[in-house]
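Each chain, written out:
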Amino acid sequence: MSRFKCSEFSNLKEYVPGEQPRDKQYIKLNTNESPYPPSPATIQAVDSGEVADLCLYSDPECKKLKQAIAKTYGVKPKNVFVSNGSDEILNFAFMLYGKASGAVFADITYGFYKVFAQLYGIDYSIKPLNSDFTINVDDYKSTGRFTVLANPNAPTGIALPLKKIEEIVASNPDTVVLIDEAYVDFGAESARGLISKYKNLIVCMTYSKSRSMAGARLGFCFADEELIKDLELIRYSTNPYNINRLTQVAGTAAMADNDYYMQNCERIIETRKFTTEELTALGFDVLESKANFVFTKHPELSGKDFYLELKSKGVLVRHFETERIADFNRITIGSMEEMTEFIKITREILKEKGLLK
């Protein structure tokens, strides 16, 4: 770091994205992207005419995009906020609400929560997951702090039922509760229906997982109109053109073709079931996932060794060095062909290690 930087950032530990090596062709199961492309209608919407209009600024109000999202989810446009990836919503929310009240989140969860808390000098409280990696709901009741929960959680994939989410929201009427639903379309219950009942709730979603648009960088959230105004205040104070023209067009078209994406989610759920059953048969422990990934470990093979062996054979998975989960790996659910090959290679590794007859 240079001598010119502000000293308050000296100890900031940045978020580390999943690796993107270019040395050879990999089966890429480490960053929770969709194995399926955007729908044909989405691709066709980004035509040469739209590209030609890149000389013009994008619509700062994102009217068509917000209307399309509102129509798909049965809410009003005034209850929708759109962002440059859902991480931007998290960024703004920590800035707005975490600095005001402090923050609380889990010890094993999306790593950006801690980064944002440290970035803004927020007084944060970390709550340990239970021994089975489930969330202790009581830890998040009446906290008096900005409360952030990923549901389903990452990297575990475990989801809380809607009833438990509502208990948390209802118990914190004077502070904001943000439910990060990046993976909700893969089998969990969404809390978005609660925004009309609770003025302190933000439900955050993304196009990166279930809508095959990780590279477009597009997120959105639902909330009471007053919370949306808070977020818009920060957006217009930082980057009012945060969603580029092509992403707005693609995002609008994708919402109009929602059935295509939800069918892909069903395919991923089926492939997740196959992968879970195959790993279990090979002796792995697999947590119950409602996301587009599984979190797994083998009792006789370290998480790091398994990760390195897979990488040497052309398969990327996500390994974390955090002590509680160092024996686990997070494995994105790819296509059925990719997961069949992954299981084949896993079986080879176990045989080489003498762990499979």
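Please refer to the structure placed before this passage.
Residues numbered from 1 in each chain as written. Predicted model: local features only at pLDDT ≥ 70, side-chain atom pairs only at ≥ 80, totals over all residues. Heavy atoms only, no water.

Caption draft 1: Representation of the packing of helix α10 (residues 303–312) against helix α11 (residues 336–352) within the structure. In contact at an axis separation of 10 Å, α10 and α11 are set at 120° when each is read in the N-to-C sense. Comparing their axes, α11 and α10 come out oblique. Where α10 crosses over α11, the handedness of that crossing is right-handed. Seen from α10, the contacting residues are Phe306, Glu309 and Leu310; seen from α11, they are Phe342, Ile345, Thr346, Ile349 and Glu352. Partitioned by chemical class, the residues of the contact of α10 with α11 number 5 nonpolar, 1 polar and 2 charged. (Axes fitted to C-alpha atoms, helices over the stretch in contact; angles between N-to-C directions. Helix = DSSP H or I, 4+ residues; strand = E, 2+ residues; numbered from the N terminus. Parallel < 35°, antiparallel > 145°, perpendicular 65-115°, else oblique. Left-handed = near helix turned anticlockwise from the far one by under 90°. Contact = heavy atoms within 4.5 Å. Nonpolar A, V, L, I, M, F, W, Y, C, P; charged D, E, K, R; others polar.)

Caption draft 2: Here's a closer look at the pairing of strand β2 (residues 80–83). Taking every second residue as pointing to the same face, both faces of β2 are buried, with Val80 and Val82 on one and Phe81 and Ser83 on the other. Pairing of β2 with strand β8 (residues 219–223) involves 4 bridges; the strand directions are antiparallel. The partner of phenylalanine 81 across the bridge, within β8, is cysteine 221. (Buried < 20%, exposed > 50% of the residue type's maximum accessible area, 1.4 Å probe, protein only. Pairing = 2+ DSSP bridges.)

Caption draft 3: Region of interest: the pattern of salt bridges. Within the structure shown, the criterion is met by 20 salt bridges. Put simply, glutamate 226 and lysine 229 hold a salt bridge, and the shortest N to O gap is 3.5 Å. You can see glutamate 226 and its partner lysine 229 sitting in helix α7 (residues 225–238), 3 residues apart, about one turn around the helix. Beyond isolated ion pairs, a larger network of salt bridges with shared partners links Asp138, Lys141, Lys164 and Glu167. (Salt bridge = Lys/Arg side-chain N within 4 Å of Asp/Glu carboxyl O.)

Caption draft 4: Geometry of the packing of aromatic side chains. This structure, assessed with the given rule, holds 23 aromatic pairs. Between the aromatic rings of phenylalanine 81 and phenylalanine 92, the centroid separation amounts to 6.3 Å while the plane-to-plane angle is 65°, which identifies the pairing as edge-to-face. Of this pair, phenylalanine 81 sits in strand β2 while phenylalanine 92 sits in helix α4 (residues 86–101); the two residues are 11 residues apart in sequence, bridging distant segments of the chain. What makes phenylalanine 81 buried here is its relative accessible area of 0%. Ring centres of phenylalanine 112 and phenylalanine 116 lie 4.5 Å apart, and the angle between their planes is 5°; this geometry places the pair in the stacked category. (Phe/Tyr/Trp six-rings, centres within 6.5 Å; stacked < 30°, edge-to-face > 60°.)

Caption draft 5: Expanded view of α7. With 14 residues, α7 ought to run about 20 Å at 1.5 Å a step, and its terminal C-alpha atoms sit 20 Å apart, in line with that. Along α7, the positions that sit buried rather than exposed are Leu227, Ile228, Leu231, Glu232, Ile234 and Arg235. Down the axis, α7 shows its buried residues gathered within 160° of arc, on one side only. More than 90 degrees from the buried face of α7, the exposed residues found are Leu233 and Ser237. In this structure, the buried residues of α7 make contact with α3 (63–73), β2, α4, β7 (201–206) and β8. (Expected span 1.5 Å × (residues − 1). Arc of directions from axis to C-beta.)

Caption draft 6: Representation of the pairing of strand β10 (residues 293–297) within the structure. Judged by how many residues are buried, β10 sits mostly within the fold: 4 of 5 residues are covered. Relative to β10, strand β9 (residues 285–286) runs antiparallel, the two being bridged by 2 bridges. Residue aspartate 285 lies in a different strand from β10, and its bridge partner there is lysine 297. The loop that links β9 with its antiparallel partner β10 comprises 6 residues. As defined by bridge partners, β10 adjoins strand β13 (residues 329–332) across 4 bridges and the pair is classed as antiparallel. Note that in β13 the partner of valine 294 across the bridge is isoleucine 331.

Caption draft 7: The environment of isoleucine 126, seen in detail. Mapped onto the secondary structure, isoleucine 126 falls in strand β4 (residues 124–127). For isoleucine 126 and isoleucine 325, which are 199 residues apart along the polypeptide, the C-alpha to C-alpha distance reads 16 Å.

Caption draft 8: Quick peek at the nonpolar core. Core analysis: the biggest nonpolar cluster contains 48 residues, and Leu65, Ile69, Val82, Leu201, Tyr207, Phe220 and Phe222 have the highest contact counts within it. Taken together, the elements giving at least two residues each to this core come down to α3, β2, β3 (103–106), α6 (162–170), β6 (177–180), β7, β8 and α8 (245–256). (Core = buried A, V, L, I, M, F, W, Y, C linked by side-chain atoms within 4.5 Å.)

Caption draft 9: Region of interest: unusual backbone geometry. A cis amide bond links asparagine 151 with the next residue in sequence, proline 152, at an omega value of 0°. Relative to the helices and strands, proline 152 resides in the loop between β5 (146–150) and α6. In this model, alanine 154 is joined to proline 155 through a cis peptide bond whose omega is 15°. Inspection of the secondary structure assignment puts proline 155 in the loop between β5 and α6. The phi angle at cysteine 62 is positive, at roughly 50°, despite the residue not being glycine. In this structure, cysteine 62 sits in the loop between α2 (48–52) and α3. Residue cysteine 62 is classed as buried on the basis of its relative accessible area, which comes to 1%. In the Ramachandran plot, serine 142 falls in the positive-phi region, its phi being about 50° despite a non-glycine side chain. By the secondary structure assignment, serine 142 is in the loop between β4 and β5. The exposure class assigned to serine 142 is exposed, which follows from its relative accessible area of 56%.

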